[in-house]
Amino acid sequence: MTETLIPFAEAIERYEPVIGLETHVELGTRTKMFCGCVTTFGAEPNSQTCPVCLGLPGSLPVVNRTAIEYTIRIGLALNCTIAEWCRFARKNYFYPDMPKNFQISQYDEPLCTDGYLDVEVNGKTVRVGIERVHLEEDTGKSLHVGGATGRIHGAEYSLVDYNRAGIPLVEIVTRPVTGTGEDAPVAARLYVTELRDLLRSLGVSDVRMEEGSLRCDVNTSLAPPGAPWGTRTETKNVNSLRSVERAVEFEIERQAAVLDAGGRVIQETRHLHEDTGTTTSGRSKEEAQDYRYFPEPDLVPVAPPRDWVEQIRAALPEAPAKVRARLRTEWNVSALEMDAIVNAGALDLVLQTVAAGASPADARKWWLGELSRRAHDLGIELTALPITPAQVARIAELVAAGTLNDRLARDVIDAVLAGEGDPDAIVEARGLAVVSDEGALTAAVDEAIAANPEVAAKIRDGKIAAAGVLVGAVMKATRGKADAARVRELILERLT
Ligand SMILES: [Zn+2]
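A brief report on the enclosed structure follows.

For the chain, the count of helices and strands is 16 helices and 14 strands. Here the C-alpha radius of gyration of the chain, 30 Å, is well above what a compact globule of 496 residues would show, namely 23 Å. In terms of overall dimensions, the chain has a C-alpha envelope of 95 × 55 × 50 Å along the principal axes. Across the 496 residues of the chain, 47% fall into the buried class. At a minimum sequence separation of 6, the contacts of the chain that also span at least 24 residues come to 67%. Surface accessibility of the chain: about 24,300 Å² in total, with carbon and sulfur atoms responsible for 52%. Averaging the coordinates of the 54 positive side-chain charges in the chain and doing the same for the 72 negative ones gives two points 1 Å apart.

Right, dumping it as structure tokens:
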């Protein structure tokens, strides 16, 4: 069914959006939440299970201390209050990927509450309130085989992999975010981006959206300005930053059409189709009472000692936003230039290249220019290029010293990427260094002048621009290994 949509700009003229985000993060603990099974991604299906995470009768869960510590770390970084005492709860529902018929989660006693995360949106700071951060266990994974869409409809049979069942999962729930207007879709994307960077800096998760270790449910509602908030829909399991933005945008366009036609937005979950950026209706949303939550009787309450919480707080790393502000000053770059570095996924790489001795300007130039192009051509992330920040720093150093020019530096990069070794070894083996021997350069210049008498005559007559032809000839003769600026000087010394 094709939905009726109102163009975004028009929808936003008549309605105020309210957004909210629920983000699930798989923690990077070595073992699962309530048992000792390992959590390695991509293992043979059902090879990382035990009676506890398979939910066999009589098995008993034990809380993973590291998962509690990671969750407290997240809560503190999000400016939350850490509970002095809280409990896990059973969330009862049936699903084939959850063999206990309940999920151990937290309900009215979350570990962390009442925080915030500041997000820069088009030059303004939007303070996103964090309602709660709680800990639960992930479910297994169903694989529907034989259908065209990978969904259960049309599938011939389904398989279940319980390797993921019981992996610690943190849910971070925002308060409703109001007043962002036409920036609502971008604000949603930037919130998730900032949160991802923060979680990565905390070392609590690998936050890979494409592997599902970070996934978002995106809530959107619309109402005329000044009216009470509208009914919200929840777009489930959005797994790319671009899709977070698109999900909000699409729901604004769709809900505006429903409201314009005098209809009522139905409270429901919706699925995002990554290919088209559209959402379709899922199930009508359960209310909390449908889950029949009650305190988990098999686990003792969690009461983190205050001095432990303070130790964790003292060990928190500098927040990414603060790191960026500090580096902007140190590197003397504009907000826009810093955005370009961050958006290219190059911040850590530039940082490490500078630490290895390159100037910030050189480090930026190589990672955002030549190396970004190579990564793009290969269809891989910048971090996956087989070249290290130390190697890039060394190449920049060779250019600064005049041993390499930019063209030769690109040849060295090619060779490093091809696995030929370190820059110095490559320069040596391939004879790539710039010809800096004045005698050899002078000879090449004299040869070029002799071979192009008409051009030389023009330069003698004052047409300095013609020198470019002779520079080109010398560069060709030296196979790009001459210092072009020095060649130009030598030519002008001789002819003017
Ligand atoms: Zn297990």
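On we go.
A word on the nonpolar core. In terms of nonpolar packing, the biggest core is built from 74 residues, with Ile74, Leu78, Ile172 and Tyr191 touching the most fellow members. A total of nine residues in this core trace back to one element, the largest contributor, which is helix H3 (residues 184–202). Apart from the residues within four sequence positions on either side, Leu78 is in contact with Gly115, Tyr116, Leu117, Ile130, Val133, Ile172, Leu195 and Leu198. Ala358, Ala363, Ala409 and Ala415 belong to the second-largest nonpolar core, a separate cluster that totals 35 residues.

Our next topic: the packing of helix H10 (residues 389–400) against helix H12 (residues 423–430). Remark: H10 packs on H12, axes separated minimally by 9 Å, with the N-to-C direction vectors making an angle of 50°. Here H10 lies oblique to H12, going by the angle between them. Residue-level contacts link Gln391, Arg394, Ile395 and Leu398 of H10 to Pro423, Asp424 and Val427 of H12. Looking at side-chain class alone, the contact of H10 with H12 contains four nonpolar, one polar and two charged residues.

Take the environment of Arg394 next. Position of Arg394 relative to the elements: it lies in helix H10. A relative accessible area of 26% means that Arg394 is categorised as partly exposed. The sequence separation of Arg394 and Asp97 amounts to 297 residues, and the corresponding C-alpha distance is 51 Å. Filtering out sequence-adjacent residues up to four positions away, Arg394 remains in contact with Pro423 and Asp424.

Another point: the sheet that holds strand E3 (residues 89–92). Strand pairing within a sheet occurs via backbone hydrogen bonds; the two strands may be parallel or antiparallel. Strand order in the open sheet made by the three strands is E4-E3-E14, with antiparallel pairing throughout. Single-partner strands in this sheet number two, and they are strand E4 (102–105) and strand E14 (294–295). Bridging between E3 and E14 involves two bridges; their strand directions are antiparallel. Looking at the pairing, Arg90 lines up with Phe294 of E14.

Calculation notes
Residues numbered from 1 in each chain as written. Predicted model: local features only at pLDDT ≥ 70, side-chain atom pairs only at ≥ 80, totals over all residues. Heavy atoms only, no water. Helix = DSSP H or I, 4+ residues; strand = E, 2+ residues; numbered from the N terminus. Rg over C-alpha atoms; globule rule 2.2 N^0.38 Å. Buried < 20%, exposed > 50% of the residue type's maximum accessible area, 1.4 Å probe, protein only. Contact = heavy atoms within 4.5 Å. Areas by Shrake-Rupley, 256 points an atom, 1.4 Å probe, with all protein chains shown as cover. Lys, Arg positive; Asp, Glu negative; His and termini not counted. Charge placed at Lys NZ, Arg CZ, Asp CG, Glu CD. Core = buried A, V, L, I, M, F, W, Y, C linked by side-chain atoms within 4.5 Å. Axes fitted to C-alpha atoms, helices over the stretch in contact; angles between N-to-C directions. Parallel < 35°, antiparallel > 145°, perpendicular 65-115°, else oblique. Nonpolar A, V, L, I, M, F, W, Y, C, P; charged D, E, K, R; others polar. Pairing = 2+ DSSP bridges.

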